[in-house]
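# Residue-level structure breakdown
For reference, the chains in residue letters:
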Amino acid sequence: MSSSKRFQSLSSAITKLHVDYLLITHLPNIRYLCGFTGSAGALLVGGEPVFFTDGRYTEQAHKEVFGARVLIGKKPPLPAAVEWLKRKRAGKLGIEGDHMTVAAEARLRALLPRSWRPRPTSGVVERQRMIKDAGEAELLRRAVNLGSSLFKPILKALRPGVPETAVAAKLEFAARQAGAEGMSFDTIIAAGPRSALPHGRASATPIPRQGFVVLDFGVILAGYCSDMTRTVALGRPSAKERGWYDAVLDAQLAGIAAVRPGVTAGEVDEAARKVLKRNKLAKYYTHSTGHGVGLEIHESPRLAAGETTVLEPGMVLTIEPGVYVPGQGGVRIEDMILVTKTGCDVLTPTTKELITVSHTA
Ligand code: ZN
Ligand code: ZN
């Protein structure tokens, strides 16, 4: 989709908000709308879109920005945008309430003439970003494929005594060598009893001889994030552990099967949760079933109990139920999926059969 189409959809949203301009300061929203990837900028949308940045980004802004006029200010982007607004008649200025700090808002109010009223808005660009166009879906597919390609090779690093951080380091090194711009989030390598921590970031704890290892990681490629989780067993899993794994896999498959246009995000969560309830494991399922992914690792919608967002083709979501038994261990399985007209495509190609890592050496 071209930038002008994105601006067109946004301007109809702005009209409904009853503001004259929307000042966009959240960098992923700026990137989505006009392509700028730098770290300082503001985008004013209402009339002709105007992008403000400072002298450090002169060359980059002229190269990257499309669909908006580029103004390189002597002042930082926010005061530069105010200067520009002052030349307009008074009006209502929407700001991104989810992102602008209290301090920045106070600064803005102090700089603006009284005739301008900043009004917080919420999730305006984010709602648009929920539906990925074909170009974005392709970029996400590439990120997912790169991320998935790292999984099998990293299993060799899972040897008793090796710290979780060393496993994470190998994974991240391989990601960068394969062309990743960075990781989508702090890599989770959680082994043995630590696998019961849903967000067990890799620690100095050594890999044990027995138990589960949860590997949850993602890469950023062309700005788009991937996110996947697999859980592997060290040595032979016990019957109880096998039971947890099978239940989580069934729940994950039920979540995927529930995805199609017209169902709500909450219904997908319910479909996965029901399977764990049936297996008497629901009390160990302590988080929601998934989230949108795109330029950011956590985007709308959230697949959580009671969420009423209706799924639409083009949404890219994770499905990631888990079971976490304190002091013992945990299992999570996570794929990324693309909602299609009739259901969904699972983007993550990695097997979900339980892999056993043996360490005879
Ligand atoms: Zn994840
Ligand atoms: Zn996730």
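Here the structure is a predicted model, which is why all the values come from computation and not from measurement. Residue indices follow the written sequence of each chain, beginning from 1 at its first position. As they are written, the chains are lettered A onward and the ligands numbered 1 onward, keeping that order. Confidence filtering applies because this is a predicted model: local features only for residues at pLDDT of at least 70, side-chain atom pairs given and counted only at 80 or more, and all residues used for totals across whole chains, interfaces and linings. Where side-chain values are given, they derive from all heavy atoms of the structure, hydrogens and water being excluded.

## A few points about empty space enclosed by the protein
Rules: Using only the protein atoms, space was sampled on a 1 Å grid; points where a 1.4 Å probe fits but cannot get out form cavities, open sets with protein on both sides within 12 Å along at least five of seven lines form pockets, and lining residues are those with an atom within 4 Å of a point. Grid points are joined across faces, edges and corners, and a volume is the space filled by probe spheres set on the points. Helical segments are the DSSP runs of H or I of at least four residues, strand segments are the runs of E of at least two, and each set is numbered from the N terminus. All amino acids are sorted into three groups, where Ala, Val, Leu, Ile, Met, Phe, Trp, Tyr, Cys and Pro are nonpolar, Asp, Glu, Lys and Arg are charged, and the leftover types, Gly among them, are polar.
Summed over the entire model, instances satisfying the criterion amount to 2 cavities of 30 Å³ or more. Considering only enclosed or pocket space, the largest cavity measures out at about 40 Å³ in volume. For the largest cavity, the full set of lining residues is Leu22, Glu96, Gly97, Asp98, His99, Thr121, Ser122, Gly123, Val124, Val125 and Glu126. No other element matches helix α6 (residues 124–129), which puts 3 residues into the lining of the largest cavity. Here the second largest cavity defines a volume of roughly 40 Å³. Contributing to the lining of the second largest cavity are Val144, Gly147, Ser148, Phe217, Ser226, Asp227, Met228, Met336 and Thr348. Broken down by class, the residue content of the lining of the second largest cavity amounts to 4 nonpolar, 4 polar and 1 charged.

## Side note on the domain arrangement of the protein chain
The condition is simple: An automatic or database domain assignment supplies the start and end points of every domain. By definition, residues are in contact when any of their heavy atoms lie within 4.5 Å. Defined here as a combined quantity, buried area equals the accessible surface (1.4 Å probe) lost by two parts on assembly, summed across both. When a carboxyl oxygen of Asp or Glu is within 4 Å of a side-chain nitrogen of Lys or Arg, the pair counts as a salt bridge.
The domain architecture assigned to the protein chain consists of domain 1 (3–129) and domain 2 (134–357). Averaged C-alpha coordinates put domain 1 and domain 2 at centres separated by 35 Å. Facing 6 residues of domain 1, the contacting portion of domain 2 comprises 6 residues. Between domain 1 and domain 2 the total buried area reaches about 590 Å² when both faces are included, carbon and sulfur atoms providing 44% of it. If you sort the residues of domain 1 by the area they bury against domain 2, Arg31, Tyr32 and Arg129 come out on top, with a joint share of 65%. Across the domain 1-domain 2 interface, the total number found is 3 salt bridges.

## Overview of the layout of surface pockets
Within this model, the largest pocket holds a volume of roughly 420 Å³. Taken together, 22 residues line the largest pocket, and the ones lying closest to its centre are His199, Asp227, His291, His298 and Glu320. Of all the secondary structure elements, the ones that give two or more residues to the lining of the largest pocket are β13 (290–292) and β14 (299–303). No other element matches the 4 residues that β14 contributes to the lining of the largest pocket. Its residues placed into classes, the lining of the largest pocket shows 5 nonpolar, 7 polar and 10 charged. If you add up the space inside the second largest pocket, you get close to 220 Å³. When contributions to the lining of the second largest pocket are tallied by element, the ones reaching two or more residues are α4 (77–86) and α5 (102–111).

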